[in-house]
Amino acid sequence: MQIDKKYIKHVTWFFGLVVILANIIAVVVPSIIRFPMGDIENIVKWESFLNSNKLSNISLVAAFLVPTVFCLNYSRRNLNEDDKILKSVAEIPSVFSLSSVIGWNVYYFIEIPFVIYAKVKLGIHISYILISSWAFALISGMTAYTISFLGIELLNRTLLLPKIFPNGHIQHSKHSVNPHFSHLLVYCCMVSSVFPISMLLANHIFTQLRSGESIQISLVIISSMFLFFSIVITFSLSKIILNPLSKLTETARRIKDGDYKTKVDVVTADELGLLADSFNDMAISLEEKEFMRDTFGKIVDPEVRDYLMKETKEIERGGEVREVTVLFCDIRSFTAMSEKMSAQDVVSLLNRYFTSLGKCITNHHGIINKYIGDSIMAIFGAPVSSSNHSNDALAAAIEMRKALLEINGQFTNEGFPEIKFGIGIHTGSVFAGTIGAENRMEYTVIGDTVNTASRIESLCKTYKVDLLLSEETVNRIKSENKNEQFKFIDDAQIRGKTEQMKVYTI
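The rules behind each value
- In this convention, every chain numbers its residues from 1, walking through the sequence in written order.
- It should be noted that, the model being predicted, local features are given only for residues of pLDDT at least 70 and side-chain atom pairs only at 80 or more, the latter also being counted only at that level, while totals for whole chains, interfaces and linings use all residues.
- Neither water nor hydrogens contribute to the side-chain values; these are computed over all heavy atoms in the structure.
- Think of it this way: any DSSP run of H or I at least four residues long counts as a helix, any run of E at least two long counts as a strand, and we number them from the N terminus.
- Burial classes follow relative accessibility: with a 1.4 Å probe on protein chains only, a residue under 20% of its type's maximum area counts as buried, one over 50% as exposed, and anything between as partly exposed.
- We call two residues in contact whenever any of their non-hydrogen atoms come within 4.5 Å of each other.
- Reported accessibility uses the Shrake-Rupley method at a 1.4 Å probe radius. Residues are deemed covered only where the shown protein chains occlude them.
- Just to be clear on terms, a salt bridge is a Lys or Arg side-chain nitrogen sitting within 4 Å of an Asp or Glu carboxyl oxygen.
- Each polar contact in these results corresponds to two N or O atoms within 3.5 Å; when the atoms are within protein, one needs to be able to donate a hydrogen and the other to accept it, and residues that are neighboring in sequence are counted only if both atoms are side-chain atoms.
- What counts as an axis is a line fitted to C-alpha atoms, over the stretch in contact for a helix, and the angles between N-to-C directions run from 0 to 180 degrees.
- What sets the label is the angle itself: under 35 degrees gives roughly parallel, over 145 gives roughly antiparallel, 65 to 115 gives roughly perpendicular, and the rest give oblique.
- By convention the crossing between two helices is left-handed if the near helix lies anticlockwise of the far one by an angle smaller than a right angle, and right-handed if it lies clockwise.
- Stacked, edge-to-face and tilted are the three classes for Phe, Tyr and Trp ring pairs, Trp counted by its six-membered ring, which pair at centre distances within 6.5 Å; planes under 30 degrees apart are stacked, over 60 edge-to-face, the rest tilted.
- Remark: a charge is flagged as sitting over a ring if the NZ atom of Lys or the CZ atom of Arg is within 6 Å of the ring centre and within 35 degrees of the ring normal.
- For a helix, the expected span equals 1.5 Å multiplied by the number of residues minus one.
- Strands pair, by our definition, only if DSSP identifies at least two bridges between them.
- What is meant by a nonpolar core is a set of buried Ala, Val, Leu, Ile, Met, Phe, Trp, Tyr and Cys residues, joined one to another through side-chain atoms within 4.5 Å.
- Sulfur atoms of two cysteines make up a disulfide when they are within 2.5 Å.
- Every residue gets a pLDDT, meaning the predictor's confidence in that residue, from 0 to 100.
- Each patch is built from residues lacking any salt bridge and having more than 30% relative accessible area; the joining distance is 9 Å for like charges and 5 Å for nonpolar side chains (Val, Leu, Ile, Met, Phe, Trp, Tyr).

*Asks:* What's the story with the overall build of the protein chain in this structure? I'm lost.
*Replies:* Of regular secondary structure, the protein chain possesses 16 helices and 8 strands. Across the 506 residues in the protein chain, those meeting the buried criterion constitute 41%. Across the protein chain, every contact between residues at least 6 apart in sequence was considered, and the portion connecting residues at least 24 apart equals 72%. Element-wise, carbon and sulfur atoms account for 59% of the exposed surface of the protein chain, whose accessible area totals about 28400 Å².

Spelled out as structure tokens, the structure:
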């Protein structure tokens, strides 16, 4: 995906303006709600000192300049390359907002040496001045952080993240500084409730004390109750929102691991309750689809299933011509054998036989294309391409021989007759793809190669062997494995072909 760096640059400039606006608000709010004047005489001297040397303006310039430089430097270092953009764009709100906190810390530390100078030269008591200056920097910093984070985060989710991560999976760097939602709620509570109420209450108390009036206890109690309730409401709201989301996250992880039975408790009728209901419905739907997928994988080979489910474009155009190796395996004298057995025993025997031989085929990257009565048709080299499909087919046939010996031992012990089979293998070009009606299709291979492999298998009866390979397959195997030894059987006449074909066994 090509990232539009010019667009990102324009948006981040806009983010920078949000930071500046948040800092302006952070200056205005504490100025409107003045700090408690507990030491008026020294405060008047200190303000006169500030006005005479413009120190306040210098400190404010620093408080604004630091975030600006910080944001510009961060953009220059992290938003100029695709990889860095992917890892950094999600943390822009946190980084830009934290720059305001750094700026207001600088503001406070710039004032400290001047406060000390004022103490030495003017004899000002600086304890209250330092406390009020720190409180101003703290309130301004947190206000700027909260406002800028909320503004930039909202804009980032609207303007940048959908364009850069259209499919989700938002990346984070190893040292991401994204705050938790609960922390953000606490910051909002502090800025909107705790700080303003505390400042108003303190101002009222100092005003009453200076005028010689008694403190209104009822006002103190009411203000304290508002503070207490705002904190309780904030933490309660945090739990109400975050606990269901945590459970949803944990349940999603379990579903990702395959536990489709897990469910989310629905304990509310609000938006979170609707989300939980939708989530549970999704889990049920996924369970049904996984059941269908597993069932589909039992009806067709799992590789074919995955091909049909993923390669939609391939399915639409039917398929393609490719070179494969086709293997046919047929039970000898099955009709005569099944006449002496009950239908239930015949099905049981075939299921065990097909299961045992099917493992040999799949172990060597083959797929069972279909069962034709008591015959197996297997493909090597499709739908997943393979450069050594002929070797895979031979290895599967050799393993099928061994598997037949084992299963015949079991059948003999259980009173069933022994099974004999014939295997024919041929390599050539086929048309591999989906065929059928519009409402019912299957993946298969079509072509002369398939017919030839089937007829080579039939020749096993004529030459009284259990395995025959065409010359094309043998040549392909020898080109990849020169040490493989084959026994020439005959120049066989293949039904439907004018020319004879050399066949081999091993």
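Here the narrative resumes, following the displayed structure.
*Asks:* It is not clear to me how the pattern of salt bridges should be interpreted in this structure. Could you clarify?
*Replies:* Pairing between side chains of opposite charge can happen when the charged atoms of each approach one another. Tallying each qualifying case throughout the model produces 12 salt bridges. Among the salt bridges present, the one from aspartate 466 reaches arginine 401, with a minimum N-O distance of 2.9 Å. Remark: arginine 401 occurs in helix H14 (residues 389-413) and aspartate 466 occurs in the loop between helix H15 (448-463) and strand S6 (467-470); sequence separation between them is 65 residues. Note that lysine 497 and aspartate 448 form a salt bridge whose closest N and O atoms lie 2.6 Å from each other.

*Asks:* I'm lost on the side chain of threonine 452 in this one. Help?
*Replies:* Secondary-structure assignment places threonine 452 in helix H15. A polar contact of 2.8 Å, which involves the side chain of threonine 452, links it to the backbone oxygen of aspartate 448.

*Asks:* Looking at this model, I keep getting lost on the packing of helix H13 (residues 343-362) against H14. Mind explaining?
*Replies:* Angle between the axes and distance between the axes: these two values describe a pair of packed helices. Where H13 meets H14, the axes come as close as 8 Å, and the angle between the chain directions of the two elements is 150°. Between H13 and H14, the angle is such that the two are roughly antiparallel. With respect to the hand of their crossing, H13 and H14 are arranged in right-handed fashion. Each of Leu349, Arg352, Tyr353, Ser356, Leu357, Cys360 and Ile361 in H13 lies in contact with H14, whose residues at this interface are Ala396, Glu399, Met400, Ala403, Leu404, Ile407, Gln410 and Phe411.

*Asks:* What is the right way to look at the packing of aromatic side chains in this model?
*Replies:* To describe a pair of aromatic rings, you give the distance between the ring centres and the angle between the ring planes. Taken as a whole and assessed by the stated rule, the structure comprises 7 aromatic pairs. Plain terms: the ring middles of tyrosine 74 and phenylalanine 96 are 6.3 Å apart, the flat faces sit at 85° to each other, and that makes the pair edge-to-face. Linking tyrosine 74 in helix H3 (residues 55-78) with phenylalanine 96 in helix H5 (residues 92-122), this pair joins segments that are 22 residues apart in sequence. Across the pair, phenylalanine 96 and tyrosine 74 agree in class, each one buried. Every member of this aromatic cluster is reached through a ring pair, and the members are Tyr353, Phe354 and Tyr371. Over the face of the ring belonging to tyrosine 7 we find lysine 163, whose NZ or CZ atom lies 5.4 Å from the ring centre.

*Asks:* What is the right way to read helix H8 (residues 217-256) from this model?
*Replies:* Side chains three or four residues apart in an α-helix point the same way, a direct result of the helix having 3.6 residues per turn. Taking 1.5 Å per residue as the helical rise, H8 with its 40 residues ought to reach 58 Å, and the 58 Å between its terminal C-alpha atoms agrees with that figure. Turning to H8, its buried residues are Ser223, Leu227, Ser230, Thr234, Ser238, Leu248, Thr251 and Ile255. Directly beyond the C-terminal end of H8, a positive phi value near 105° is found at glycine 258.

*Asks:* Quick question: what am I supposed to make of the pairing of S6 here?
*Replies:* Looking down a regular strand, the side chains alternate between one sheet face and the other. Burial along S6 is two-sided: Leu467 and Leu469 and Leu468 and Ser470, pointing in opposite directions, are all buried. Here 3 bridges tie strand S4 (residues 421-437) to S6, and the two strands are oriented parallel to one another. Note that in S6 the partner of isoleucine 423 across the bridge is leucine 467. Where S6 meets strand S8 (residues 501-505), 2 bridges bridge the pair, whose relative direction is antiparallel. Bridge pairing in S8 links serine 470 to valine 503.

*Asks:* What exactly am I supposed to notice about the nonpolar core here?
*Replies:* Generally speaking, soluble globular proteins have nonpolar side chains that are buried together. Leu327, Cys329, Tyr353, Met400 and Ile423 are the most contacted members of the largest nonpolar core, which totals 38 residues. Secondary structure elements with two or more residues in this core: strand S1 (319-331), helix H12 (334-338), H13, strand S3 (375-380), H14, S4, S6 and helix H16 (471-480). Looking at which element gives the most residues to this core, the answer is H14, with 9 residues. Those residues within four positions of cysteine 329 in sequence are excluded, and the remaining contacts are Tyr353, Leu357, Asp374, Ser375, Ile376, Met400, Phe421, Gly422, Ile423 and Glu457.

*Asks:* How should I be thinking about the environment of valine 450 in this particular structure?
*Replies:* Mapped onto the fold, valine 450 is located in helix H15. For valine 450, a relative accessible area of 9% translates into the label buried. Along the backbone, valine 450 and valine 326 are 124 residues apart, and their C-alpha atoms lie at a distance of 6.3 Å. Non-local contacts of valine 450, meaning those with residues more than four positions away in its chain, are made with Val326, Phe328, Met377, Val430 and Val445.

*Asks:* In this structure, what is going on with the state of the cysteines? I would like to understand it.
*Replies:* Note: disulfide means a covalent bond formed between the sulfur atoms of two cysteine side chains. Scanning all chains against the criterion turns up 0 disulfides. Left without a disulfide partner, cysteine 189 is nearest to the cysteine sulfur of cysteine 188, which lies 8.8 Å away. With a relative accessible area of 7%, cysteine 189 lands in the buried category.

*Asks:* Whenever I open this one, unusual backbone geometry confuses me. Can you help?
*Replies:* The bulk of non-glycine residues show a negative phi, and the bulk of peptide bonds are trans. Each neighbour pair has its own omega, and for alanine 382 with proline 383 the value is 0°, a cis peptide bond. Position of proline 383 relative to the elements: it lies in the loop between S3 and H14. Even without glycine at this site, histidine 365 takes up a positive phi of about 65°. Considering the arrangement of structural elements, one finds histidine 365 in the loop between H13 and strand S2 (366-372).

*Asks:* Please explain the pairing of S1 as it appears in this structure.
*Replies:* S1 sits mainly inside the fold: 10 of its 13 residues count as buried. Pairing geometry for S1 and S3, over 6 bridges, is antiparallel. Bridge assignment links aspartate 330 to a residue of S3, and that residue is serine 375.

*Asks:* Explain the confidence of the model for the protein chain here, please?
*Replies:* On average, residues of the protein chain score 81 in pLDDT, and 86% of them reach the 70 mark or higher. Here residues 312-316 scores under 50 on pLDDT; set against residues more than four positions off or in separate chains, the count is 6 contacts.

*Asks:* Where do I start with a nonpolar patch on the surface in this structure?
*Replies:* A cluster of nonpolar side chains, namely Ile215, Ile217, Ile221, Met225, Phe228, Phe229, Val232 and Ile233, defines an oily patch on the protein surface of about 740 Å² accessible area. Topologically, valine 232 is positioned in helix H8.

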